[in-house]
Amino acid sequence: MSPQAILTAFSTIVVREIRRFTRIWAQTLLPPAVTMTLYFIIFGNLIGSRIGEMGGFDYMAFIVPGLIMMAVITNSYSNVVSSFFSMKFQRSIEELLVSPVPNWVILAGYVTGGMARGLGIGLIVTLLSLAFTRLSIHSVPMMVLTVFLTSALFSLGGFINAMLATKFDDISIVPTFVLTPLTYLGGVFYSIDMLPAFWQGVSMANPILYMVNGFRYGILGVSDVNPFVSLGMILVFIAILAFISLKMLARGKGIRH
């Protein structure tokens, strides 16, 4: 395919994905905003006032980066897994796969669509947080890199889940039993310095811990882990999941069910 044709195919997939979740904004954009507002009120104002400071910041400011990242992770993942599996279920994905569009363009289109929703929700949550606390950005490059790469990573994860899923129940297993526990135990609401040494070691095995702390470092300048290690780990995971996704697309794994 010519570069112009590739660009047309890529932009078509991306525009379709963006229109898909903006058309039903009351189901895709509004619920996360309401949920995060409740987190700010309950954990930030009510409970946070009793906790006091954490990491040298008031509790509300400390949890805001984690809540933003949690919204980005959840929505980037769910957008791709639901969209791609819906096309599988409707048998319309075959038309895309038999077209001359390269597999990497298909993957890039869906991942970009997932990132658009994840980052859009992240922006909404960030604006909402300003009603509860003040944010002073410590490192714009670290903040932007971490949130963009994390969004891409979980969009890839959602793509793989959709490829493997054979029924609608399968696309809810990973968010319920993997993403949610890892996110809540990933330092969103606390610093791992509060934990005993053993549980600090266990927490270090949680990849979301690095993403949350990398983003927190970008905003507040504090982190439980080296932020550059966080970026390195995210890049490695992206490379692995992208390789797996392209291999699965090439073999058509999970398309027929």
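About the cut-offs
- Residues numbered from 1 in each chain as written.
- Predicted model: local features only at pLDDT ≥ 70, side-chain atom pairs only at ≥ 80, totals over all residues.
- Heavy atoms only, no water.
- UniProt positions renumbered as here; feature names shortened; annotations may be inferred.
- Helix = DSSP H or I, 4+ residues; strand = E, 2+ residues; numbered from the N terminus.
- Contact = heavy atoms within 4.5 Å.
- Areas by Shrake-Rupley, 256 points an atom, 1.4 Å probe, with all protein chains shown as cover.
- Lys, Arg positive; Asp, Glu negative; His and termini not counted.
- Charge placed at Lys NZ, Arg CZ, Asp CG, Glu CD.
- Salt bridge = Lys/Arg side-chain N within 4 Å of Asp/Glu carboxyl O.
- Buried < 20%, exposed > 50% of the residue type's maximum accessible area, 1.4 Å probe, protein only.
- Core = buried A, V, L, I, M, F, W, Y, C linked by side-chain atoms within 4.5 Å.
- Patch = residues over 30% accessible without salt bridge, like charges linked within 9 Å, V, L, I, M, F, W, Y side chains within 5 Å.
- Axes fitted to C-alpha atoms, helices over the stretch in contact; angles between N-to-C directions.
- Parallel < 35°, antiparallel > 145°, perpendicular 65-115°, else oblique.
- Left-handed = near helix turned anticlockwise from the far one by under 90°.
- Nonpolar A, V, L, I, M, F, W, Y, C, P; charged D, E, K, R; others polar.

The protein appears in an unreviewed UniProt entry as Transport permease protein from Marinobacter gudaonensis. Under the UniProt heading Sequence similarities (unreviewed entry), the note attached to the protein is "Belongs to the ABC-2 integral membrane protein family."

*Asks:* I'm lost on the overall build of the protein in this one. Help?
*Replies:* Within the protein, the regular secondary structure consists of 11 helices and two strands. From first element to last, N terminus to C terminus, the protein shows the α and β order α-α-α-β-β-α-α-α-α-α-α-α-α. Considering only C-alpha atoms, the protein reaches an extent of 60 × 40 × 35 Å along its principal axes. Once local pairs closer than 6 in sequence are excluded, the contacts in the protein between residues at least 24 apart make up 83%. For the protein, the computed accessible surface area is about 12300 Å², with 69% contributed by carbon and sulfur atoms. Each charge class in the protein was averaged separately, 15 positive and 9 negative side chains, and the resulting centres sit 10 Å apart.

*Asks:* Please clarify how the pattern of salt bridges should be interpreted in this entry.
*Replies:* Where charged atoms of side chains with opposite charge meet at close range, the side chains can pair. In the structure shown here, the tally under the stated rule is three salt bridges. Of the charged contacts, one joins arginine 91 and glutamate 94 as a salt bridge, the two residues approaching to 3.2 Å between their closest N and O atoms. Between aspartate 170 and lysine 167 there is a salt bridge, and its shortest N-O distance comes to 3.3 Å. For aspartate 170, a relative accessible area of 17% gives the class buried.

*Asks:* Could you clarify how one ought to interpret the nonpolar core in this entry?
*Replies:* By size, the foremost hydrophobic cluster in this structure holds 70 residues, and its most contacted members are Met36, Leu67, Phe84, Tyr110, Phe154, Phe159 and Phe189. Filtering out sequence-adjacent residues up to four positions away, tyrosine 110 remains in contact with Ile13, Arg16, Glu17, Val80, Ser83, Phe84, Met87, Ile93, Leu96 and Phe159.

*Asks:* Before we go on, may I ask you to explain a nonpolar patch on the surface in this structure?
*Replies:* On the surface, Trp25, Leu30, Val34, Leu38, Ile41, Ile42, Leu46, Ile47 and Ile51 cluster together into a nonpolar patch covering about 790 Å² of accessible area. A per-element tally of the nonpolar patch places helix H3 (residues 30-51) first, with eight residues. Within the fold, tryptophan 25 resides in helix H2 (residues 25-28). According to the relative accessible area criterion, tryptophan 25 is partly exposed, its value standing at 49%.

*Asks:* What exactly am I supposed to notice about the UniProt feature "transmembrane region" (unreviewed entry) in the protein here?
*Replies:* UniProt tags residues 24-47, 59-78, 104-132, 144-165, 171-192 and 228-250 as "transmembrane region" (unreviewed entry). Secondary structure content for residues 171-192 is 64% helix and 0% strand, while the C-alpha to C-alpha distance between its ends is 30 Å.

*Asks:* Which parts of the structure should I look at to understand the environment of isoleucine 63?
*Replies:* Checked against the element boundaries, isoleucine 63 lands in helix H4 (residues 59-89). Look past the residues within four positions of isoleucine 63 in its chain and what remains in contact with it is Phe43, Gly44, Val188, Phe189 and Arg216.

*Asks:* Whenever I open this one, the UniProt feature "domain: ABC transmembrane type-2" (unreviewed entry) in the protein confuses me. Can you help?
*Replies:* According to UniProt, the feature "domain: ABC transmembrane type-2" (unreviewed entry) maps to residues 23-252 in the numbering used here. Helix makes up 77% of residues 23-252 and strand 2%, and the two end C-alpha atoms of the span are 30 Å apart.

*Asks:* I tried to follow the packing of helix H6 (residues 103-129) against helix H7 (residues 140-164) on my own but got confused; where do I start?
*Replies:* Geometry of a packed helix pair, given as the angle between the helix axes and the separation of the axes. Running from N to C, H6 and H7 point in directions that differ by 125 degrees, and their axes come no closer than 8 Å. For the element pair H6 / H7, the angle class is oblique. Once H6 is placed against H7, the crossing between them reads as right-handed. Between H6, through Leu107, Tyr110, Val111, Gly114, Met115 and Leu119, and H7, the contact on the second element is made entirely by Val147, Phe148, Ser151, Ala152, Ser155, Leu156 and Phe159. For the contact of H6 with H7, a count of residues per class yields 10 nonpolar, three polar and no charged.

*Asks:* Can you walk me through unusual backbone geometry in this structure?
*Replies:* Most peptide bonds adopt trans geometry, and most residues besides glycine take a negative phi value. Positive phi is not limited to glycine here, since arginine 91 has a value of about 65 degrees. Within the secondary structure layout, arginine 91 lies in the loop between H4 and helix H5 (93-97). Taking the relative accessible area as the measure of exposure, arginine 91 reaches 38% and is therefore partly exposed.

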